[in-house]
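# Observations on the model geometry
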Amino acid sequence: MDIRTGQGYDVHAMAEGLRMWLCGVEVKDSPVGFVAHSDGDVAIHALCDALLGALALGDIGHHFPDTDDKWKGVDSKILLREVTAMVRERGYEISNVDVTIALQAPKIGYLIQDMRQSLASVMGIEVSRVSVKATTTEKLGFVGRKEGCEVWASALVFSNLG
Ligand code: MG
């Protein structure tokens with residue numbers, strides 16, 4: 001069995017008047033959203049990079065460049081679906097993923113189960129294999145000043161081939 005691990009990291013700035021998406025779930029009560037070429041789902045972007053990293057397939061910017069109008073305003077679930085397909089095309093299955101979201105406000109704890117379900121359904125794996133965690137930064141740094149959101153993700157993939 002070939003077992004591989006990958007990690008991903010992403011940051012997006014926040015601004016008023018934009019919609020906020022995290023792990024494919026809209027944070028509907030948020031007065032701010034993420035500044036981005038896509039829908040700004042910073043959590044899915046970090047997760048995509050973790051999956052791509054596990055198989056040394058480059059990063060999300062390489063596969064879905066923000067200079068390409070094709071990806072303007074794109075639903076990031078589409079990107080995750082494509083990345084999952086790349087993993088499976090190479091003979092690998094996703095064992096588990098773990099996502100940590102650093103956000104000062106709004107509070108998103110009540111959405112964690114929806115986020116786990118959303119990611120599990122896009123990747124086609126059991127929800128028990130998907131972890132999503134949220135933390136503040138105790139008002140420190142750019143996250144603490146509510147200027148942006150920072151996300152770390154890790155992924156483990158395996159193959160029974162070769
Ligand atoms: Mg991004």
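Calculation notes
- Residues numbered from 1 in each chain as written.
- Predicted model: local features only at pLDDT ≥ 70, side-chain atom pairs only at ≥ 80, totals over all residues.
- Heavy atoms only, no water.
- Pairing = 2+ DSSP bridges.
- Helix = DSSP H or I, 4+ residues; strand = E, 2+ residues; numbered from the N terminus.
- Right-handed = clockwise from strand over helix to strand, strands pointing away.
- Salt bridge = Lys/Arg side-chain N within 4 Å of Asp/Glu carboxyl O.
- Buried < 20%, exposed > 50% of the residue type's maximum accessible area, 1.4 Å probe, protein only.
- Donors = N, O, S within 2.8 Å, 3.2 Å for Na, K, Ca; no water.
- Expected span 1.5 Å × (residues − 1).
- Axes fitted to C-alpha atoms, helices over the stretch in contact; angles between N-to-C directions.
- Contact = heavy atoms within 4.5 Å.

### Quick notes on the pairing of strand 5 (residues 93-102)
Pairing of strand 5 with strand 7 (residues 148-159), which is carried by nine bridges, proceeds in the antiparallel orientation. Residue pairing across strands places V97 opposite A155, the latter belonging to strand 7. Across six bridges, the pairing between strand 5 and strand 6 (residues 130-135) is parallel. Pairing of V99 across the sheet is with V132, part of strand 6. Note on the crossover from strand 5 through helix 4 (residues 112-123) to strand 6: the handedness is right-handed.

### Description of the pattern of salt bridges
Going through the model one piece at a time under the given rule, you end up with seven salt bridges. Here K133 and D98 are joined by a salt bridge, their closest N and O atoms 2.7 Å apart. With K133 in strand 6 and D98 in strand 5, this residue pair connects regions lying 35 residues apart in the sequence. Residue class for D98 comes out partly exposed when judged on its relative accessible area of 26%. For R145, the salt bridge is made with E147, and the minimal N-O distance between the two is 2.9 Å. The class of R145 is exposed, set by a relative accessible area of 51%.

### Description of the coordination of the magnesium ion
Coordination sphere of the magnesium ion, protein contribution only: D10 (OD), H12 (NE2) and H45 (ND1), at 2.1 to 2.3 Å. Each donor residue of the magnesium ion belongs to the same chain, with the gaps between them written as D-x1-H-x32-H. With relative accessibility at 12%, the residue H12 sits in the buried group.

### Concerning helix 1 (residues 42-54)
Across its 13 residues, helix 1 extends 19 Å between first and last C-alpha, which sits within 8% of the 18 Å expected from 1.5 Å per residue. A large share of helix 1 lies buried, amounting to 12 of its 13 residues. Two residues or fewer after helix 1 comes A56, characterised by a positive phi angle close to 50°.

### As for the sheet that holds strand 1 (residues 2-16)
Strand order in the open sheet formed by five strands is 4-1-7-5-6, with mixed pairing between adjacent strands. Looking at strand neighbours, the two that pair on one side only are strand 4 (32-34) and strand 6, the edges of this open sheet. Strand after strand, the sheet turns through a mean of 20° between neighbouring axes, direction not considered. Both strand 1 and strand 7 contribute to a ladder of 12 bridges, which runs antiparallel. Paired with Y9 across the strands is W152, a residue of strand 7. Contacting strand 5 and strand 6, helix 4 crosses the sheet at an angle of about 145° to strand 6.

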